[in-house]
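Read off the chains here:
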Amino acid sequence: MQSQVQDTPERRAFYEKIDKCNMTALWTVMSALITPEPKSGCVPFLWKFSEIREAMLEAGKLITAKEAERRVLILENPGLRGQSRVTTSLYAGVQLVIPGEVAPAHRHSQSALRFVMEGSGAYTAVNGEKTRMEVGDFVITPSQAWHDHGNMSDKPMFWLDGLDIPLVQFLDASFVEHLGQDEQPIARPEGDALARYGANMMPVGRARGGATSPIFNYPYSRSREALERMRLSGEWDPCHGLKMRYINPETGDHAMPTMGTFLQLLPKGFTSARYRSTDATVFSVVEGRGRSRIGDVSVEWGPKDIFVAPSWKPIVHVTTEDAVIFSYSDQPVQQKLGIWREDRGNA
Ligand code: GTQ
């Protein structure tokens, strides 16, 4: 690593002079800009669902989904407080929709994912189609797609919201519009998208071809079944157990352009091989218990807990029960830019 250049009175006077012209000498900041490996304010952290749930129910008494537009508590990385970030590039929140409520229709540049944590039968409508949601379902709201959420069931529904808010903020590309009515007009029957694109077949006719998957609900029942079948072969990846990537069936690429999404099964008594990658990752536990060592921090997790691993910190998962974990990161962005890296050790 290049050492800091010497400070002299002449140089300091020069820096002050050019400072007035909005200029800075590269050699005074170079080592902070171009680091030998990722240096992040993002730190490992875990949110217990019991704490989130309690705070959310209290929020439920303070404000309606309609008044709040979205009743969400943001999960802020302790190293990035005040910035609405769970990692440097991504946002996480937990949303509560109480029976009878509607979160009114809007659309924005930011892409959103939902991962259902508790409840049954509340819906999201996306681009003219409704989908009812169950625990473990992965639901997509593409950039600029109209979306509203409602709960016609008799129990509150909680889900994890993952958005690319910080990324869009960084690029200064944010737009939002409000439809002006609670619910958007419904144009297609429920299950239409999954029928068209979720049967390993594709409609013949006019090509669609968007950056985001045309499937907007990947039901947990199907994904879980796939993992259970795969387990029979016993081919575990040393770093990830059995880990599946949600895909856009039209392209085979990630399901969303800015966020990679995954579901993995780790069997009871599994210790994963040390793994690190440059995409800081948010993990949402669906089933099982265990602990994860992330850099020099240890977190203990159970169902519905959410934890975050910063870029390039080594991760080791140890399970005490069969565990299923959903995760998301900015991996597709880094891959498209050609800067994504992983380190599997010797595994
Ligand atoms: O459901 O549309 O957590 O627009 C943050 C912004 C959820 C949503 C969030 C949003 C939404």
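Scroll up a little and you will see the structure.
So, a few notes on the structure that sits alongside this text. (Residues numbered from 1 in each chain as written. Predicted model: local features only at pLDDT ≥ 70, side-chain atom pairs only at ≥ 80, totals over all residues. Heavy atoms only, no water.)

## Some details on helix α7 (residues 220-231)
- The terminal C-alpha atoms of α7 lie 16 Å apart, and with 12 residues this matches the ideal 16 Å at 1.5 Å per residue to within 8%.
- Listed in full, the buried residues belonging to α7 are Y220, S223, R224 and L227. Projection of α7 onto a plane perpendicular to its axis shows the buried side chains occupying an angular sector of 95°, all on one side. Turned more than 90 degrees off the buried face of α7, the exposed positions are S221 and R229.
- Where α7 is buried, its residues meet β12 (217-218), β13 (242-245), β14 (260-266), β16 (281-287) and β21 (323-329). (Helix = DSSP H or I, 4+ residues; strand = E, 2+ residues; numbered from the N terminus. Expected span 1.5 Å × (residues − 1). Buried < 20%, exposed > 50% of the residue type's maximum accessible area, 1.4 Å probe, protein only. Arc of directions from axis to C-beta. Contact = heavy atoms within 4.5 Å.)

## Overview of unusual backbone geometry
- A positive phi angle, close to 45°, is found at N127, a residue other than glycine.
- Looking at where N127 falls in the secondary structure, it is placed in the loop between β6 (120-126) and β7 (129-134).
- The class for N127 is partly exposed, based on a relative accessible area of 40%.

## Points about the side chain of S109
- Within the element layout of this structure, S109 appears in the loop between β4 (102-108) and β5 (112-118).
- Classification of S109 as buried rests on a relative accessible area of 11%.
- One polar contact links the side chain of S109 to the main-chain carbonyl oxygen of A173, over a distance of 3.0 Å.
- Side-chain polar atoms of S109 contact the backbone nitrogen of F175, separated by 2.8 Å.
- What S109 contacts, discounting residues up to four positions off in sequence, is S143, Q144, V168, A173, S174 and F175. (Polar contact = N/O pair within 3.5 Å; in protein donor to acceptor, adjacent residues only side chain to side chain.)

## Description of the packing of aromatic side chains
- The tally for this structure, following the rule as stated, stands at 13 aromatic pairs.
- Seen from their ring centres, F45 and W47 are 4.9 Å apart, and the 75° between their planes marks the pair as edge-to-face.
- Assessed through its relative accessible area of 32%, F45 is described here as partly exposed.
- Overall, W47 belongs to the buried group, its relative accessible area being 12%.
- An aromatic cluster is present here, built from F115, F138, Y218, Y246, F326 and Y328 joined pairwise through their rings. (Phe/Tyr/Trp six-rings, centres within 6.5 Å; stacked < 30°, edge-to-face > 60°.)

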